[in-house]
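So you can see what is in the structure, the chains are spelled out below.
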Amino acid sequence: MQIAIVGATGNVGRSVIQMLLQKGIASDQQIKCLASPRSAGSTLSIDQHVFTVQEARHDNFSHCDAVLFNTESDISAEYVPAALAAGAFVVDSSSHYRLDPQVPLIIPPVNIDQVTRQHKLYAHANCLASPIATVMAPLHRAFGVVRASICTYQSVSGAGKAAMDACRQEMQSVLENHPAQTTRFPRPIAFNVIPQVGDFRDDGSSYEEFKIIAELKKVVDAQIAISATAVRVPVMVGHSIALQLELTNPYSIAEVQQLLSSARNVQLSAHHYSTPIEVVGSDDVFVGRLRQDPSHPHGILLWLCSDNLRRGAAADAIEILAAIKAVVD
Ligand SMILES: NC(=O)c1ccc[n+]([C@@H]2O[C@H](COP(=O)([O-])OP(=O)(O)OC[C@H]3O[C@@H](n4cnc5c(N)ncnc54)[C@H](OP(=O)(O)O)[C@@H]3O)[C@@H](O)[C@H]2O)c1
């Protein structure tokens, strides 16, 4: 397969290339790196491989079997049609196609079987909906989830490489005793938490909260009542989630542990819980603080941690690509 990566220089794009090489899905000769005009002609070093970055243009998808988009929605909207017209399979990381009823939204541990010969374009879910669904879907099948209440603790890498640089600069500035200031976030992020991820909508929710709820409903079950509060925290990589589920059927903690220990891409945390820095580099969702919710007889409380550049990002894109390869072969 000849594979083009659009957004190759970004956080997710670099992670995608590294995983393609490490998992032996593609050699460096099979990978074409595309990015904005700013990066055209620059080199990108990933492990021992060096790539020359080309400017993404409408005419550079010929001879590509698959194109992985790791770009913001507007860039995906502009170039995905050209990639499809060139006959390539497309996997898009952005939110642009996720809620389109014609486009399968894939969370690989949950619904990878929706990758078929019929579809050329796939979207994967965001880096919160994916880990939450990875844990929630098996619980829903076994016990029936009626309601989910979600609170996220999202790392700055989820907002792209420029946000990571901004966070580092803000921290450095505060450590040098300058007043807290920001150029990138709604409020200063250094040594702070911000209960706003994305713009606010008319109903008071943020766009991130809307996406988490809508994507979970599309993939897991539209009947589940879901609320979410998305919070940005000064962590570089790794998202955490406090998840409260209300189940239809009675359960025991031992049954839930048993179920989750055999669920795809789920690991039970050692020593009660995981933290972001402990899960970086893993494709799995780590589940800890598993306990009965004292406020509801069928309620359960969980703490989730995952690497946001892999689960709900590069790992999802690559697993979709591998499934495409399998149905085409
Ligand atoms: N970060 C996460 O945790 C995460 C998880 C799931 C999904 N996503 C989604 O994945 C996408 C990429 O996120 P990211 O965090 O990797 O962002 P990022 O670090 O900001 O990277 C953005 C990439 O897009 C490229 N780009 C910008 N303008 C372009 C243009 N006109 N033509 C072609 N390429 C262009 C950039 O190239 P230059 O370097 O040349 O500017 C860069 O390679 C977003 O839609 C995001 O919502 C992110």
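Residues numbered from 1 in each chain as written. Predicted model: local features only at pLDDT ≥ 70, side-chain atom pairs only at ≥ 80, totals over all residues. Heavy atoms only, no water.

**As for the side chain of D284**
Logical step 1: Along the chain, the position of D284 falls in the loop between α8 (276-279) and β14 (285-292).
Logical step 2: Lacking a salt bridge, the buried D284 has R311 as its closest oppositely charged neighbour, with an N-O distance of 5.2 Å.
Logical step 3: Within polar-contact distance, the side chain of D284 engages the side chain of N265 at 2.9 Å.
Logical step 4: A polar contact of 2.7 Å, which involves the side chain of D284, links it to the side chain of Q267.
Logical step 5: With near-sequence residues (within four places) excluded, D284 lies in contact with N265, Q267, C305 and S306. (Helix = DSSP H or I, 4+ residues; strand = E, 2+ residues; numbered from the N terminus. Buried < 20%, exposed > 50% of the residue type's maximum accessible area, 1.4 Å probe, protein only. Lys, Arg positive; Asp, Glu negative; His and termini not counted. Salt bridge = Lys/Arg side-chain N within 4 Å of Asp/Glu carboxyl O. Polar contact = N/O pair within 3.5 Å; in protein donor to acceptor, adjacent residues only side chain to side chain. Contact = heavy atoms within 4.5 Å.)

**What about the side chain of Q244?**
Logical step 1: By secondary structure assignment, the location of Q244 is in strand β12 (residues 239-247).
Logical step 2: Engagement of the side chain of Q244 in a polar contact is seen with the side chain of D293, the distance being 2.7 Å.
Logical step 3: Apart from the residues within four sequence positions on either side, Q244 is in contact with R147, A148, S149, D293, S295, I300 and L301.

**Things to note about helix α2 (residues 73-85)**
Logical step 1: Its 13 residues place the ends of α2 19 Å apart at the C-alpha level, agreeing with the 18 Å of an ideal helix rising 1.5 Å per residue.
Logical step 2: The principal kink in α2, of about 35°, is found at Y79, preceding the proline P81 by one to four residues.
Logical step 3: Within α2, burial applies to S76, Y79, V80, A82 and A83.
Logical step 4: Where α2 is buried, its residues contact β6 (66-69), β7 (89-92) and β9 (121-124). (Expected span 1.5 Å × (residues − 1). Bend = angle between axes of the 7 residues up to and from the residue.)

**Overview of helix α4 (residues 129-143)**
Logical step 1: End to end, α4 covers 20 Å across 15 residues, agreeing with the expected 21 Å (1.5 Å per residue, within 8%).
Logical step 2: Of all 15 residues that make up α4, 13 are buried, and the element is covered over most of its length.
Logical step 3: G144, located one to two residues past α4, shows a positive phi value of around 75°.

**What about the sheet that holds β14?**
Logical step 1: With mixed pairing, the six strands of this open sheet are ordered in space as β11-β10-β12-β15-β14-β13. With one partner strand each, in any of the chains shown, β11 (225-232) and β13 (266-268) form the two edges of the open sheet. Within the sheet, the average angular offset between the axes of one strand and its neighbour, ignoring direction, is 25°.
Logical step 2: Inspection of the sheet shows β14 paired to strand β15 (residues 299-306) by five bridges, in the antiparallel sense. Pairing of V287 across the sheet is with L304, part of β15. (Pairing = 2+ DSSP bridges. Axes fitted to C-alpha atoms, helices over the stretch in contact; angles between N-to-C directions.)

**Some details on the pattern of salt bridges**
Logical step 1: The tally for this structure, following the rule as stated, stands at ten salt bridges.
Logical step 2: The closest approach of N and O atoms between E246 and R147, which form a salt bridge, is 2.9 Å. Here E246, found in strand β12, pairs with R147, found in strand β10 (residues 145-154); they are 99 residues apart in sequence, far enough to count as distant.
Logical step 3: Given the relative accessible area of 19%, E246 is considered buried.
Logical step 4: Linking E319 and R264 is a salt bridge whose minimum nitrogen-to-oxygen distance equals 3.1 Å. Here E319, found in helix α9 (residues 310-328), pairs with R264, found in the loop between α7 (253-261) and β13; they are 55 residues apart in sequence, far enough to count as distant.

**Considerations on unusual backbone geometry**
Logical step 1: Phi is positive for F191, which is not a glycine, with a value near 55°.
Logical step 2: The topology assignment puts F191 in the loop between α5 (161-175) and α6 (207-219).
Logical step 3: Under the relative-accessibility criterion, F191 is labelled exposed at 53%.
Logical step 4: Backbone geometry at N265 places phi at a positive 60°, although glycine is not the residue there.

In short, geometric facts, not functional conclusions.
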